[in-house]
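# Structural features, examined
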Amino acid sequence: MDVMTTLLLGLALLLQPAGDAAVVLATAEELLDASQPAPAAQLLDTVLAHDDSNARAYLLRSTARFLMGMIAEGETDLLRSLELDPQMRQGWLNLGALRLSKRDYTAALDSFLTAEKLDRTAPDNAINLGAVLLLLDRLEEASTKFEEHVRNEAGSGAAYYLVATNYAMAGYSALALRHLAQAIQADEKTRLRVRTDPNFDELARTNGFLQLMDTDKFVYSPGSYVTRHEFNAPYASTGARLLNATLDALSELQIPHDPRVEANPRWALIWADMRIKLSRDPSNGRGVVEASAPAATFNPQTWRQRNDALAAAITLALGNYGRREGR
């Protein structure tokens, strides 16, 4: 137990038995948010020892017990919390998730419908209901809910991604691919997340998935800056001289960039305050570094200076590699 956890626990325990239960519950919630379920449960035990009708304390202790692997005890607390206060929407959401984990999809649907009645404007209603309807093989109804979720989230990449995840796990490959494509169109960095998400393991065996992952359909915004540099070092799936040189150049110029790099045999992407794509010119085999950015990001002089400096730094880095390799 770290020092902060010990202090929080000690402070909250001092408030018992006559202290402010709301403060203790808030402390327990902080501990749960910090992935400290055991001390949170200890606090909640003290609350319930003095007031066994505190619905929120039962709800929080159920979460602590679930996190500690005490599933049966957590379920007992959860049901007790809803018995005491059936208006707690979070309790119904938790019960729906528990029933999903037990593959009791009909009961899960009932829980999520109850949560929806308690707050019809909650943004998670549509995705929760869509997920369980899909598991009940009610595809048309599920799709309607998923479309509602995407609309509610203004067509964000995250919304499309979450819908794609549900379709993939239920085995609807075509629908999963369609929504993944829309997620990537909204935010191309989504491809990086997809590549390591086990929810898409089955889908990853399909040709459609492989094509989606290896296709760059990025569209420049109107008026964007685009500058292309060619180098003798080709971009190739074996060897990473051009990629390493570009990363070294960005570091040398102190240009902040996303440490995540997306690379496949045909191209690589680096994201900074400009988008940098590495590829190979098929006509001459030379390596290509293409930088682009929306017009509002730079003025023409700054853009030109930035790219001249980048090209020079890449050339220098490639030369250093060549000397080290005896070329």
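Starting afresh in each chain, residues are numbered from 1 along the sequence in its written order. Local features in a predicted model are, by the rule used here, given only for residues with pLDDT of at least 70; side-chain atom pairs are given and counted only at 80 or more, and totals for whole chains, interfaces and linings are based on all residues. Note that water and hydrogens are dropped before the side-chain values are worked out from all heavy atoms of the structure.

### As for the overall build of the chain
How we decide: Under the DSSP-based scheme used, a helix requires at least four consecutive residues in state H or I and a strand at least two consecutive residues in state E, with every element numbered from the N terminus. Relative accessibility under 20% of the residue-type maximum defines a buried residue, over 50% an exposed one, and the middle range a partly exposed one, all with a 1.4 Å probe and only protein chains included. Two residues qualify as a contact provided that any one of their heavy atoms is within 4.5 Å of a heavy atom in the partner residue. Residue burial considers only the protein chains on display, and all accessible areas are found by Shrake-Rupley using a 1.4 Å probe. Charge convention: Lys and Arg are scored as positive, Asp and Glu as negative, and His as well as the terminal groups of each chain are ignored. A single reference atom marks each charge: NZ on Lys, CZ on Arg, CG on Asp, CD on Glu.
Counting its secondary structure elements, the chain contains 15 helices and five strands. Projected onto its principal axes, the C-alpha positions of the chain cover 75 × 50 × 40 Å. Expressed as a percentage of the 327 residues in the chain, the buried residues total 45%. Considering only residue pairs separated by 6 or more positions, the chain has 55% of its internal contacts joining residues 24 or more positions apart. When the accessible surface of the chain is split by element, carbon and sulfur atoms take 52% of a total near 17200 Å². In the chain, 33 positive and 41 negative side-chain charges are present, and the distance between their average locations comes to 9 Å.

### Regarding unusual backbone geometry
Phi angles above zero are rare outside glycine, and arginine 103 is one such case at about 60°. As for its position among the elements, arginine 103 is in the loop between helix H6 (89-101) and helix H7 (105-118). One non-glycine residue, alanine 154, adopts positive backbone phi at about 55°.

### As for the sheet that holds strand E2 (residues 262-263)
This is how the line gets drawn: DSSP calls a pair of strands paired once it identifies at least 2 bridges connecting them.
As summarised here, the arrangement of the five strands in space is E1-E5-E4-E3-E2, forming an open sheet in which the pairing is antiparallel. The sheet is open, and its two borders are formed by strand E1 (225-231) and E2, each paired with just one other strand. Inspection of the sheet shows strand E3 (residues 268-271) paired to strand E4 (residues 275-280) by four bridges, in the antiparallel sense. Looking at E4, one finds that isoleucine 270 is bridged to isoleucine 276.

### A short note on the pattern of salt bridges
For clarity, the cut-off: Any Lys or Arg side-chain nitrogen located within 4 Å of an Asp or Glu carboxyl oxygen qualifies as a salt bridge.
Counted by the stated rule, this structure contains 23 salt bridges. Notably, a salt bridge pairs arginine 228 with glutamate 230, separated by 3.0 Å at the nearest N-O pair. On the basis of relative accessible area, arginine 228 is assigned to the partly exposed category, the value being 45%. Judged by relative accessible area, which is 29%, glutamate 230 ranks as partly exposed. The shortest N-O distance in the salt bridge between aspartate 281 and arginine 228 comes to 2.7 Å. Here arginine 228 lies in strand E1 and aspartate 281 lies in the loop between E4 and strand E5 (287-293), a separation of 53 residues in the sequence. Residue classification places aspartate 281 among the buried residues on the basis of a relative accessible area of 11%. Among the charged side chains, a network of salt bridges with common partners joins Glu188, Arg191, Arg195, Asp216, Glu262, Arg275 and Lys277.

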